[in-house]
Amino acid sequence: MSERNERSIDTAAKAVMSAETASRRARALRQISSHTLRPALAALPVNAHTLPAARMVIDQVMRAVAPVLSGTAIEAVEDGPVRAEWVRGPRATRDDAAILYVHGGGFITGSARSYRGVTSRLSTATRLPVLAVDYRLAPENTYTAAASDVSKAHRLLREQGFTPDRIVIAGDSAGGYLATDFVIDSADRGRRCVAALLLFSPMADLALELAHRSGRRDALLDLATAHAAIAHLTDAPQQLRPGSGTPLPPTLIHASRDELFAADAIALADRLSAAGAPCDLRLWPDQMHVFHTLAALVPESRTAYRASGRFVIEALESPAAQAI
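Residues numbered from 1 in each chain as written. Predicted model: local features only at pLDDT ≥ 70, side-chain atom pairs only at ≥ 80, totals over all residues. Heavy atoms only, no water.

1. Structural notes on the state of the cysteines
Summed over the entire model, instances satisfying the criterion amount to zero disulfides. Note on cysteine 193: no disulfide assigned, nearest cysteine sulfur contributed by cysteine 279 at a separation of 15 Å. (Disulfide = S-S within 2.5 Å.)

Now the structure itself:
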């Protein structure tokens with residue numbers, strides 16, 4: 001599908017808006033972040049000297065805004081090159097399927113540890129164990145290393161007996177790009193590698209052309225910082241473009257209507273649908289980028305996890321998944 005045929009943000013938002021208005025908490029948080037966090041992040045250079053401290057701060061913030069659910073079990077995984085952890089939320093009673101989670105963080109921050117609040121909630125919502133992969137970050141490593149780690153984590157699931165029809169891959173932001181890239185690459189090889197794809201505020205264009213054109217003012221992120229992060233990852237930024245007729249899984253995409261990567265989410269949904277994948281795009285008004293990480297602050301986060309849980313369970317039980 002050409003760029004001109006892809007939906008505009010406003011057109012798509014009218015079609016798939018998940019709510020007419022955001023909660024008071026969500027609106028207040030965007031206002032506060034726009035005047036405090038966004039300018040602070042924009043002023044901070046992204047380089048090898050600042051990243052170690054930034055990673056520690058982000059880890060602490062993530063654990064504060066999305067604390068791990070009480071009763072969650074964590075099991076470290078080191079299997080050859082694969083570094084990850086199993087996360088089982090307090091209601092994760094099933095072992096017949098698994099979720100592979102690829103965290104966000106602009107390819108330069110984030111970890112399985114910092115995302116335990118997210119993965120414990122996703123595990124609880126689906127009642128499934130979640131394997132959160134600790135892929136290698138930039139600038140110490142290139143995109144190839146991160147993509148390879150996602151592939152190896154998927155292979156680990158296969159080696160533990162999970163067939164493609166019992167695996168769901170999920171990711172947010174940069175992790176959403178990695179997860180989708182893995183699915184598209186497998187589809188290009190004629191293989192459907194998972195039963196479903198679940199994405200929170202995914203990036204779809206590492207050149208940031210879509211974000212430039214959208215004109216949306218994010219309450220947290222700015223284009224200059226995003227460009228700097230991606231420059232540490234690759235000097236050949238690409239877009240996610242699935243081929244028509246390839247074996248792609250059903251997909252659910254959540255994003256904020258008012259975030260930097262809203263246009264990415266819309267374009268990716270259009271491209272997946274044009275390629276033949278059932279794709280449900282849900283845009284939320286007045287939310288932060290990956291508002292799922294704000295479970296302790298905004299009620300929409302909890303609503304989104306419940307919707308994600310229903311999607312995953314239905315996808316695993318569908319005849320299409322069982323036919324993989």
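Having seen the structure, we can now continue with the description.
2. Comments concerning the pattern of salt bridges
With the rule as written, the count across this model stands at twelve salt bridges. The residue aspartate 149 makes a salt bridge to arginine 136 at a minimum N-O spacing of 2.9 Å. Of this pair, aspartate 149 sits in helix α6 (residues 143–159) while arginine 136 sits in the loop between β4 (130–133) and α6, and the two are 13 residues apart along the sequence. Aspartate 149 gets classed as buried once you look at its relative accessible area, which sits at 6%. A salt bridge links arginine 189 to aspartate 185; the nearest nitrogen and oxygen atoms lie 3.1 Å apart. Its relative accessible area of 55% is what places arginine 189 among the exposed residues. (Salt bridge = Lys/Arg side-chain N within 4 Å of Asp/Glu carboxyl O. Helix = DSSP H or I, 4+ residues; strand = E, 2+ residues; numbered from the N terminus. Buried < 20%, exposed > 50% of the residue type's maximum accessible area, 1.4 Å probe, protein only.)

3. Re the confidence of the model for the protein chain
Within the protein chain, residue pLDDT values average 91, and 92% of them lie at 70 or more. Scored below 50 in pLDDT, residues 1–5 shows nine contacts in the model against residues more than four places distant or in partner chains. Taken as a whole, residues 11–15 scores under 50 in pLDDT and shows five contacts with residues more than four places along the chain or in a different chain. (pLDDT = per-residue confidence, 0-100. Contact = heavy atoms within 4.5 Å.)

4. Details of a positive patch on the surface
Side chains of Arg25, Arg302, Arg306 and Arg310 sit close together on the surface and give a patch of like positive charge. Per element, the largest residue contribution to the positive patch is three residues, and it comes from helix α11 (residues 299–317). Position of arginine 25 among the secondary structure elements: in helix α2 (residues 24–35). (Patch = residues over 30% accessible without salt bridge, like charges linked within 9 Å, V, L, I, M, F, W, Y side chains within 5 Å. Areas by Shrake-Rupley, 256 points an atom, 1.4 Å probe, with all protein chains shown as cover. Lys, Arg positive; Asp, Glu negative; His and termini not counted. Charge placed at Lys NZ, Arg CZ, Asp CG, Glu CD.)

5. Some remarks on helix α7 (residues 174–188)
Between its terminal C-alpha atoms α7 stretches 21 Å, which fits the 21 Å expected from 15 residues at 1.5 Å a residue. Of all 15 residues in α7, twelve are buried; the element is thus mostly enclosed. Of all the positions in α7, only Ala174, Gly175, Gly176, Tyr177, Leu178, Ala179, Thr180, Phe182, Val183, Ile184, Ser186 and Ala187 are classed as buried. Remark: glycine 190 follows α7 within two positions and exhibits a positive phi of approximately 85 degrees. (Expected span 1.5 Å × (residues − 1).)

6. Observations concerning the packing of aromatic side chains
Summed over the entire model, instances satisfying the criterion amount to seven aromatic pairs. Here phenylalanine 107 and tyrosine 143 contribute two aromatic rings whose centre-to-centre distance is 6.2 Å and whose plane-to-plane angle is 65 degrees, an arrangement assigned as edge-to-face. Residue phenylalanine 107 is located in the loop between β3 (98–102) and α5 (116–126), and its partner tyrosine 143 is located in helix α6; the two are separated by 36 residues in the primary sequence. The same class applies to phenylalanine 107 and to tyrosine 143, which are both buried. On the basis of an interplanar angle of 90 degrees and a centroid distance of 6.4 Å, the ring pair of phenylalanine 200 and tyrosine 305 is categorised as edge-to-face. Separated by 105 residues along the polypeptide, phenylalanine 200 in strand β6 (residues 196–200) and tyrosine 305 in helix α11 bring together distant segments of the chain. Here the two residues phenylalanine 200 and tyrosine 305 agree in accessibility, since each one is buried. (Phe/Tyr/Trp six-rings, centres within 6.5 Å; stacked < 30°, edge-to-face > 60°.)

7. Brief notes about the nonpolar core
Of all hydrophobic cores here, the largest spans 61 residues; its most connected members are Phe107, Leu131, Ile169 and Met203. The greatest single-element share of this core, amounting to eight residues, is contributed by α7. In contact with leucine 131, other than residues within four places in its own chain, are Val77, Ala84, Glu85, Trp86, Ile99, Leu100, Tyr101, Ala153, Leu156 and Leu157. Core analysis: the next-biggest nonpolar cluster, separate from the first, contains 23 residues, Tyr101, Val118, Val312 and Ala315 among them. (Core = buried A, V, L, I, M, F, W, Y, C linked by side-chain atoms within 4.5 Å.)

8. With respect to the pairing of β3
Within β3, five of the five residues are buried, which leaves the element mostly enclosed by the surrounding structure. Because side chains alternate across β3, one face comprises the buried residues Ala98, Leu100 and Val102, and the other comprises Ile99 and Tyr101, equally buried. Note: β3 against strand β5 (residues 167–172), five bridges, orientation parallel. Paired with isoleucine 99 across the bridge in β5 is valine 168. One ladder, built from four bridges, connects β3 with β4; its direction is parallel. Directly across from isoleucine 99, in β4, lies its bridge partner valine 130. For the segment spanning β3, α5 and β4, crossover handedness is right-handed. (Pairing = 2+ DSSP bridges. Right-handed = clockwise from strand over helix to strand, strands pointing away.)

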